[in-house]
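Summary of structural features
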Amino acid sequence: MTKNENTSASALVQKVWNYANVLKDDGLAFMVYTKQITYLLFLKMTWEQRHTGASEIPSRYTWGALKGINDNAKRLVRYHQGLRKLSECPGLIGLIFTKPQSKINDPAKLNLLIQMIDSEDWSHLDLDVKGEVYEGLLARNADDVRGGAGQYFTPRPVIRAIVQVMRPEPMMRIADPACGTGGFLLAAFEYLKARTADTTEAAYLRTRALHGVDLVPNVARLCAMNLFLHGIGTDHKHPVISISDSLESKTEPVDMVLTNPPFGKKSSFTIIGAHGKNHTDRISYERPDFWATTSNKQLNFVQHVYSMLKDTGRAAVVVSDNVLFEGGAGEEIRRALLQRCEVHTLLRLPTGIWYSPGVKANVLFFDKKPAAKAPATKQVWVYDLRSNRNFSLRQNPIKPEDLTDFIRCYWG
């Protein structure tokens, strides 16, 4: 993101935060009023894009129809009715409006929000503004709730650098089992969109190439909004987003995995691996394809990512330091990964780039290899972006040029 783009994103976060304060004054919890605003923002953005293709929003419930109702009370009734009807739509629209609950019950408040949102032209904004605004709101909320939402979204410059070195190709299946607001999926889409050669590749890219899963419904909704507004996921027979626990079961193999699994060592589940059950007070589920049993979420995601890859599949996974150094199950999983994959690159990320301070993370790049007696990993290239580098979210955010040397060295 350039300086101007970063300034623009910050300004938008401030603008949407002002919208949020309209509802906050009604005593609504943070996540509740954020959800209410994203409904309205989505309707406005789809209305702005109505000339680019067929809209899936029924005309009676479009932004233009809502704005055109002069009676505030009648507009509120139509809006509530619209939320229910949209939840019944197929595909991403139905997912976006799953189990909608409108907490806007004051006709004047709805009128004020519509006027505020209508004053902005959203159609010209950068590819992932919905995710950036939402994550910016989470950062703002961290001032009110210690620790924020406990979610660590990957900075967009890091995502784009990862995609540039991974170089996805047309007709690939690309997945993110912890997709958040869709940053990796959208970056892969933008990269591939410029490299699709014909209509078959373009159609595949929009309907079959990408798939994301997230456990948190509100975050998955934001991802669905992002993808829909980019024309992705138009084939309702092939859902591009699922709300579920990725770790529950093995999935259809893919060519590439790009992901930042949830940080934090403990899970409410213990994954039962190939060695059988561990005694635990937690709920457990069976994954006999896993190498080890652990309640460490990130270690389980590393195992899951391996299980997702085709025999020639490749992955880039953001992991915390404990994944690299933890003993016990951690050591067992690392040994299995080094044996079965070529773990060729480790990018050490700096602190100060996350919404929670002090987080130490890395990007692990590995390629799945055929089974063999000798370990697939011969050597690992480590690029240290952490030492002697100081970043902060507001004063000195990480920028694309901070990763230019890594990209150059990767392919040098």
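Please read these numbers as outputs of a predicted model, since none were measured by experiment. (Residues numbered from 1 in each chain as written. Predicted model: local features only at pLDDT ≥ 70, side-chain atom pairs only at ≥ 80, totals over all residues. Heavy atoms only, no water.)

A word on the sheet that holds strand β8 (residues 309–320)
For clarity, the threshold we go by: Pairs of strands are assigned from DSSP output, requiring at least two bridges between the strands. Under the DSSP-based scheme used, a helix requires at least four consecutive residues in state H or I and a strand at least two consecutive residues in state E, with every element numbered from the N terminus. Lines fitted to C-alpha atoms define the axes, with helix axes restricted to the stretch in contact, and inter-axis angles between N-to-C directions lie between 0 and 180 degrees. The contact definition used throughout considers only heavy atoms, calling two residues in contact when any of these lie within 4.5 Å.
Strands sit in the order β3-β2-β1-β4-β8-β10-β9-β11 across an open sheet of eight strands; the sheet is mixed. At either end of the open sheet lies a strand with only one pairing partner, and these are β3 (241–243) and β11 (381–384). Between one strand axis and the next, the sheet turns by 15 degrees as a mean value, whatever way the strands run. Here strand β1 (residues 174–176) runs beside strand β4 (residues 254–259); their pairing, made up of two bridges, is parallel. Bridging from a neighbouring strand, I174 pairs with M256 of β4. Against the sheet, helix α12 (residues 297–308) engages β1, β4, β8, β9 (341–348) and β10 (361–368), with an angle of about 160 degrees to β8.

Describing the packing of aromatic side chains
Worth spelling out the cut-off: Paired rings are identified among Phe, Tyr and Trp, the last through its six-membered ring, by centres lying within 6.5 Å, and are further divided according to the angle between planes into stacked (under 30 degrees), edge-to-face (over 60) and tilted (the rest). The classification of residues rests on relative accessible area computed with a 1.4 Å probe and restricted to protein chains. Under 20% of the type maximum is buried, over 50% is exposed, and intermediate values are partly exposed.
Within the structure shown, the criterion is met by twelve aromatic pairs. Ring centres 6.0 Å apart and planes at 65 degrees place the aromatic pair F406 and Y410 in the edge-to-face group. With F406 and Y410 both in helix α15 (residues 404–411) and four residues apart, the pair spans about one turn of that helix. In this pair, the class of F406 matches that of Y410, namely buried. Arranged with centres 5.1 Å apart and planes meeting at 65 degrees, the rings of Y410 and W411 form a pair that is edge-to-face.

Examining the pairing of strand β2 (residues 210–214)
Here is the key point about a regular strand: its side chains alternate between the two faces of the sheet. Of all five residues in β2, four are buried; the element is thus mostly enclosed. Bridge count for β1 against β2 is three bridges, and the pairing is parallel. Bridging from a neighbouring strand, D176 pairs with G212 of β2. Here β2 pairs with β3 via three bridges, running parallel. Opposite V213, over in β3, you have S242 as the bridge partner.

A few points about the confidence of the model for the protein chain
Counted only if it meets this: pLDDT is a residue-level measure of predictor confidence that goes from 0 to 100.
The share of residues in the protein chain with pLDDT of 70 or more is 82%, and the mean pLDDT across the chain is 85. When the criterion is pLDDT under 50, residues 1–7 qualifies, and its contacts beyond four places in sequence or with other chains add up to nine contacts.

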